[in-house]
Amino acid sequence: MKYPKEELISMYRAMLTSRLFDEELIYRNSQGQLEGMIHLTLNQEAFSAALVHSLRPEDSYLHSHRCRPLHLIRIPIRVTLAEMVGLRSGWNGGIGGEPHTFCLEKNILPHTGSLGGGASMCAGYAYAMKRRRPGSAVVQLMGDGQFNQGMVHEALHWTAIMKLPMVYVVENNKWAMTTPDSQFKSGDNIADRARACGLETVVVDGQDILACREVADVALDRARTQCLPSFIEVKTYRAGGHFSGDTMFYANKELHEENLKKFPDPIPKYEAVLIENKVVTHEELKKIKDEVKKEMHEITEDVYQESLKLENRPTREDIVGRLDKLWSMPMEGLLA
Amino acid sequence: MSTKKMGLNEAIKDAVEAMLNEDDRVVLFGEDVESGFGSAFVHVGLHDKYGSDRVFNTPINESLIAYIGVGMALGGMLPIAELSHQDFSTLSFDALVNTAAKIRFWSNGKECCPLTFIAPGGMGAMCGPNHQQTAEGWFANIPGLKLVVPTSPADAKGLMRTAVYDTDPVLFFIPRCTAWTPEDVPVEQYSIPFGQARVAHEGTDVTVVAWQLALVHAMDLVDEMAAEGISVEVIDPRTLVPLDRKGIIKSVRKTGRLVVAHEAWKNFGPACEIITSVTTDAFDALKAPPVRVATEMYIPSFVLERDVAIRKADVKLAIYQAMGDKDRVAEYREEMKKIPQSLPSSFNEMFEGAGISL
């Protein structure tokens, strides 16, 4: 196979870590143990698990709601989880929460609150990188819901005009929160719209991690070496709700089942490839699963125990009145 | 210290040029910045000197302009993003309010967003209700943003330098009314700290806090009020966030009377905040209720703007009101019906500067 054995296994581990992390969170959330807006990546792990391996440390990214493998790199998993549930030990002191955790020193950009602007923000960031860190790429992931925003099209267009080292990725999962794509897309034409903005585009099967990896490698290299933007449409399907606790009661059941068949779970699919190509044995796969499951259980248990102690949460006094968390100082005496 | 006669536009350009020269993190971009048309002719000539790498036009996309500025700021640059009218900042609102303003908060104080966002506003564009509002009232309510409202060319030059090197997102809202009014501006580069009001004219009877067009009116009135025996102290806050509350209160403690005048919309406008500060902290010093002067209707197009803009007479009436002289107020209301539209002299110069003859 094209990639070395360690990397093939590492890609498997990234998908599995994402899945088992989410499953632990769903369970603990349902038990009232870990509270937060927990967005799930179920069935969409392949692309971002591949991307994790295409990225170099100097590359930057802005994550989407559904790219858990990217949420779990560069910052220790327990620190990310602590941030998600509002603990002091979270990367941003528990202030940002799940989608807004960011860390510029590790080249992780802030997720915007309203959707769409992130595409333009990344374009500006890519402009800065082109000048200040040539040879590095910037990646933004978003869903097909966000892709509808006008600002995304403005950004795509501008990166093409300015020849920026940018890779836009749309995880086309057929849902925008609880709205099905029949209500927000006129045809399944996402890559066409990006092409109309002047970008090179590619459509990839989001359930096939090796295909995703090849596409991500090419796009990132194109950004790094030619300083040109690319657009990747990842065809996939959201298997779970918008967030933990969402039962998808609003979904058309027949259509949902049909889509799940059309976009089968990428993990067993990749396991079969690994077995068939004699990269790993069934026993080795089981060993990896057991290890990751244990690790995710320990991390979530650790953070849960930490969350039980009030002193581990930021207090009102830590936040209210802390003008130094709004402006550079000195501002004292100048505000009422 | 040697000085040169410059209008506000030229003074800002002078500061921007010096920063483009000394710091390669500085870039200037936005609507028609290469020709200079976009910002009411502030940056004429900078593109020729620094090229499209440093000074460049963007598509007409106010949301894009603001958001790429945020991205550049996060990427270690010192971007100056520019719109041609403050009115269009509605389309930039998300970038400024939901993202730029919250970077420091989201990151628990670890990160910052050193974006400078510049846009002209106010009377003088002659382009109607979507082109000459002043937007300071919209943004003063947003924690995390800083808000600069320069009036004099010398202040604008020093404040521009502070804005670009400041680590927070700074909205630099420039007036059209002093764009071409020449004043002595120091030739050297200097920074003026935010949050320090300037006493534009010393007086003892009434404090007028005003900026931009309202400040031009207030300064035009100083001598004629003095002739009537009213000594007016004029305070130019220069920045609204941070606001020099102490400086304003100090003046009101001296005069006991307050007028706040601005071009922004009246209700829930910046004057309300300033008056609240004074009534909260210096209620005992007030001899009369504070008075507001502000725009009270959308601006119609072309020359009609002159009939709707706040006038020198409006500020004068407010001073009489603050002085508590009811007879004079009633008398002056009658006089106001007869006087022709009163415009500061800089208006005509401004139009001439822009190559427009009335």
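Check the entry above for the structure.
Residues numbered from 1 in each chain as written. Chains lettered and ligands numbered in written order. Predicted model: local features only at pLDDT ≥ 70, side-chain atom pairs only at ≥ 80, totals over all residues. Heavy atoms only, no water.

Would you take a moment to explain the layout of surface pockets for this structure?
Space left empty within the atom packing is revealed by a probe, the size of a water molecule, rolled over the atoms. All names here are of chain B. For the largest pocket, the calculated volume is near 420 Å³. Taken together, 20 residues form the lining of the largest pocket, with Ala-140, Asn-141, Val-241, Arg-245 and Glu-273 sitting closest to its centre. At the level of secondary structure, the elements contributing two or more residues to the lining of the largest pocket comprise β12 (239-241) and α10 (270-281). A per-class count over the lining of the largest pocket returns 14 nonpolar, 4 polar and 2 charged. (1 Å grid on protein atoms, 1.4 Å probe; cavity = no way out; pocket = protein on both sides within 12 Å on 5 of 7 lines; lining within 4 Å. Points joined across faces, edges and corners; volume = space filled by probe spheres on them. Helix = DSSP H or I, 4+ residues; strand = E, 2+ residues; numbered from the N terminus. Nonpolar A, V, L, I, M, F, W, Y, C, P; charged D, E, K, R; others polar.)

Sorry, what's going on with the interface of chain B and chain A here?
How big an interface is tends to be stated in terms of the accessible area lost upon association of its parts. Contact residues are listed per partner, giving 46 residues for chain B and 44 residues for chain A. With both sides pooled, the region where chain B packs onto chain A buries about 3,700 Å², and carbon together with sulfur makes up 64% of that total. Considering only the surface of chain B that becomes buried against chain A, Phe105(B), Trp106(B) and Asn108(B) emerge as the three largest contributors, covering 18% of it. Linking chain B to chain A there are 0 salt bridges. For the pair chain B and chain A, the interface holds 15 residue pairs in polar contact (both at pLDDT 80 or more). Within the residue set of the side of chain B that touches chain A, elements represented by two or more residues are α3 (62-74), α4 (93-99), α5 (103-106) and α9 (245-255) of chain B. (Contact = heavy atoms within 4.5 Å. Buried area = accessible area lost by both parts, 1.4 Å probe. Salt bridge = Lys/Arg side-chain N within 4 Å of Asp/Glu carboxyl O. Polar contact = N/O pair within 3.5 Å; in protein donor to acceptor, adjacent residues only side chain to side chain.)

Looking at this structure, how should I read the pattern of salt bridges?
When charged atoms on two side chains of opposite charge get close, those side chains can pair. Residue and element names in this part refer to chain B. All chains considered together, the criterion is met by 51 salt bridges over all chains. Between Lys-146 and Asp-166 there is a salt bridge, with the nearest N and O atoms lying 3.0 Å from each other. Taken together, the residues span a long stretch of sequence, with Lys-146 in strand β6 (residues 146-148) and Asp-166 in the loop between α7 (153-165) and β7 (170-175) at a distance of 20 residues. A single burial state applies to Lys-146 and to Asp-166, both of which are buried. Linked through salt bridges whose partners overlap, the residues forming this network are Glu-224, Glu-228, Lys-312, Lys-316, Arg-328, Glu-331 and Glu-335. (Buried < 20%, exposed > 50% of the residue type's maximum accessible area, 1.4 Å probe, protein only.)

Whenever I open this one, empty space enclosed by the protein confuses me. Can you help?
Following the criterion strictly, the structure yields 3 cavities of 30 Å³ or more and no others. In this structure, the largest cavity spans a volume of roughly 100 Å³. Taken together, His63(A), Arg68(A), Leu70(A), His71(A), Ile73(A), Ile75(A), Thr80(A), Met84(A), Glu98(A), Thr101(A) and Ile108(A) make up the full set of residues lining the largest cavity. Among the secondary structure elements, those contributing two or more residues to the lining of the largest cavity are α3 (68-71) and α4 (77-84) of chain A. No other element matches α3(A), which puts 3 residues into the lining of the largest cavity. When grouped by side-chain class, the residues that make up the lining of the largest cavity number 5 nonpolar, 4 polar and 2 charged. There is about 40 Å³ of room inside the second largest cavity. What lines the second largest cavity is simply Leu326(A), Ala100(B), Ala101(B), Ile103(B), Arg104(B), Cys112(B), Cys113(B), Gly144(B), Thr167(B), Asp168(B) and Pro169(B). Looking at side-chain class alone, the lining of the second largest cavity contains 7 nonpolar, 2 polar and 2 charged residues.

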